[in-house]
Amino acid sequence: MVSNSEYKEVIVQGNIPKAKELAQKAVTDKLDINKVIDAFSEAIREVGDLFEEGEYFLPELMRSAEAMKAAMEIFTPILAEGKGQRSFTRVVIGTIEGDIHDIGKTIVASMLSAEGFEVYDLGADVPITDFVDKAIEVDAQLICISALLTTTMMGSKRLIDLLIEKGIRDKFKVLVGGAPVTKKWTEEIGADGTAENAISAVKLAKKLIE
Ligand code: B12
C-alpha cells in the first residue's frame, strides 16, 4: 500500500519516473484515482509555497510540474472512461491567454468528460476570441475558463465583456476557476460560478444546465 506521503514526496522531489510508476500502480491496483490526484495536487501546491518562499526556483517548480503531468497522462484516459449518463452538454474549456498552467484545467476537463459532457479542450494560453468562436461553432452550453495568475484572471472578465458586446451572453453559462479565483470576484465579473476543485466543478456544471 502506497502512503499519501509517498505520493506527495515524488511530486515535491520532482521524481518523474517514480511518479509514473506510482500512478501506474494506482491504476493496476484499482485505487480511487481521485484520492491519488488529491494527494498529488496537495503536493504541487506545497511546491508552489516552496517557490513563493524562495526555497525552490523555477527549475524545481518545473520538474515537479512535469512529474505531476506525467502521472496525469496515465490518469486522464481512466478519468475520461465515463461513468455518468451521457448528457450531450457541450463544454468549451481552456486556460486563458497568457497563462500556461494546464494541470487543473485538464483535470476538470477529464472529469467533465467522465460525467458525459462533450468536452472541447482548447489547451492553454487560449485567446479569448478562440473560446467564443468555438462556443458558437459547437453551440456549447458552457464555457469554462481556467486562470492561475492574478494577471491573467482579468482575461475571464474580458471574455464575458466580449460575449455581452456580441449580444450572446445569455447563450452560455460561464464558469471560472483556478487557485486565485474567489466567489466574490466571480460575482464581480458577472460569471455564473466557480468551484475549488474538479468534483465541485462537475456538480456546479450539472446544476447550471438543469
Ligand atoms: C505547477 C505550477 C507551474 C507550472 C505549470 C505547469 C503546467 N503545465 O500547468 C510551471 C512551472 C510551468 C509554472 C510557471 C509559472 N508559474 Co506557476 N505554479 C504552479 C503551481 C505550483 C501549481 C499549479 C497546479 O498545477 N496546481 C494543481 C492543480 C490540480 O490545481 P489548480 O490548478 O488550482 O486546479 C484546480 C482548481 O483550481 C479547479 N480549477 C482549475 N481550473 C478551473 C476552471 C474552472 C472553470 C473551474 C470551475 C475550476 C477550475 O479545479 C482544479 C482541479 O481540482 C502554482 C501554485 C498554486 N498554489 O497553485 C504556481 C503558481 C500559480 N505559479 C506562479 C507563477 C508566478 C508562475 C510563473 C509566472 C513563474 C515565472 N516566474 O516564470 C510562470 C507562469 C508562466 C505563464 N505565463 O503562465 C504563481 C502565481 C502567482 C500569482 N498570484 O499570480 C503561483 C501561485 C506560485 C506562487 N506561489 O508564487 N507554474
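Provided above is the structure to which this section pertains.
From a predicted model like this one, the values you see are computed outputs, not experimental measurements.

**Observations regarding the packing of aromatic side chains**
So, step 1. Counted under the stated rule, the structure contains 2 aromatic pairs.
So, step 2. When the ring of tyrosine 7 is compared with that of phenylalanine 40, the centres are 5.6 Å apart and the planes differ by 85°; the resulting orientation is edge-to-face. Within this pair, whereas tyrosine 7 is found in helix H1 (residues 4-12), its partner phenylalanine 40 is found in helix H3 (residues 33-52), the two being separated by 33 residues in sequence. For the residue pair tyrosine 7 and phenylalanine 40, the accessibility class agrees, reading buried in each case.

**Comments concerning the environment of glycine 190**
So, step 1. Along the chain, glycine 190 turns up in the loop between helix H8 (183-188) and strand E5 (193-194).
So, step 2. Using a relative accessible area of 35% as the deciding quantity, one classes glycine 190 as partly exposed.
So, step 3. Sequence separation of glycine 190 and methionine 72 is 118 residues, and the distance between their C-alpha atoms is 32 Å.
So, step 4. With residues near it in sequence (within four places) discarded, glycine 190 still touches Ile160 and Arg169.

**Things to note about the site of the ligand**
So, step 1. Neighbouring the ligand are 36 residues, the closest being Ile100, His101, Asp102, Ser146 and Thr150.
So, step 2. With respect to the ligand, the side chain of histidine 101 contributes an N or O atom lying 2.8 Å from a nitrogen atom.
So, step 3. At 2.7 Å, a side-chain N or O of serine 146 approaches a nitrogen atom of the ligand.
So, step 4. Within the residue set of the shell around the ligand, elements represented by two or more residues are H3, helix H4 (58-79), helix H5 (103-114), strand E3 (142-146), strand E4 (173-177) and helix H9 (198-209).
So, step 5. When residues of the shell around the ligand are assigned to their parent elements, the largest contribution, 6 residues, is made by H3.
So, step 6. Here the residues of the shell around the ligand sort into 20 nonpolar, 10 polar and 6 charged.
So, step 7. Shared between two domains, the shell around the ligand takes at least three residues from each, and those domains are domain 1 (4-79) and domain 2 (90-209).

**A word on helix H2 (residues 16-28)**
So, step 1. For H2, spanning 13 residues, the distance from its first C-alpha to its last is 18 Å, which sits close to the expected 18 Å at 1.5 Å a residue.
So, step 2. For H2, the set of buried residues is Ala19, Leu22, Ala23, Ala26 and Val27. Considered in projection along H2, the buried side chains sweep an arc of 140° and stay on one side of the axis. Turned more than 90 degrees off the buried face of H2, the exposed positions are Pro17 and Thr28.
So, step 3. Lining the buried residues of H2 we find H1, H3 and H4.
So, step 4. Where H2 begins, the side chain of asparagine 15 points an oxygen toward the backbone nitrogen of lysine 18, at a separation of 3.2 Å.
So, step 5. Following H2 by one or two positions, lysine 30 has its phi on the positive side, about 55°.

**Here we look at the pairing of E3**
Every regular strand shows the same layout, with side chains that alternate between the two sheet faces.
So, step 1. Among the 5 residues of E3, 5 are classified as buried, and the element is accordingly described as predominantly covered.
So, step 2. Residues of E3 alternate between two faces, with Leu142, Cys144 and Ser146 on one and Ile143 and Ile145 on the opposite face, all of them buried.
So, step 3. Relative to E3, strand E1 (residues 90-95) runs parallel, the two being bridged by 5 bridges. Bridged to valine 92 within E3 is isoleucine 143.
So, step 4. As paired strands, E3 and E4 are joined by 5 bridges and run parallel to one another. Paired with leucine 142 across the two strands is lysine 173, which belongs to E4.

**With respect to the nonpolar core**
General note: in soluble globular proteins, nonpolar side chains tend to be found buried as a group.
So, step 1. Within the largest apolar cluster, 42 residues are counted, with the highest numbers of intra-cluster contacts made by Ile11, Phe40 and Phe75.
So, step 2. Contributing elements (two or more residues each) for this core: H1, H2, H3, H4, E1, H5, E3 and H9.
So, step 3. Ranked by the residues each element gives to this core, the list is headed by H3, at 8 residues.
So, step 4. Both of domain 1 (4-79) and domain 2 (90-209) provide at least three residues apiece to this core.
So, step 5. Leave out the neighbours within four places in its chain, and isoleucine 11 touches Ala19, Phe40, Ala43, Ile44, Val47, Ser64, Ala67 and Met68.
So, step 6. With 25 residues, the next largest nonpolar core counts Val92, Ile128, Leu163 and Phe172 among its residues.

Reading guide: rules and limits
Residues numbered from 1 in each chain as written. Predicted model: local features only at pLDDT ≥ 70, side-chain atom pairs only at ≥ 80, totals over all residues. Heavy atoms only, no water. Phe/Tyr/Trp six-rings, centres within 6.5 Å; stacked < 30°, edge-to-face > 60°. Helix = DSSP H or I, 4+ residues; strand = E, 2+ residues; numbered from the N terminus. Buried < 20%, exposed > 50% of the residue type's maximum accessible area, 1.4 Å probe, protein only. Contact = heavy atoms within 4.5 Å. Near = heavy atom within 4 Å. Polar contact = N/O pair within 3.5 Å; in protein donor to acceptor, adjacent residues only side chain to side chain. Nonpolar A, V, L, I, M, F, W, Y, C, P; charged D, E, K, R; others polar. Domains from an automatic or database assignment. Expected span 1.5 Å × (residues − 1). Arc of directions from axis to C-beta. Pairing = 2+ DSSP bridges. Core = buried A, V, L, I, M, F, W, Y, C linked by side-chain atoms within 4.5 Å.

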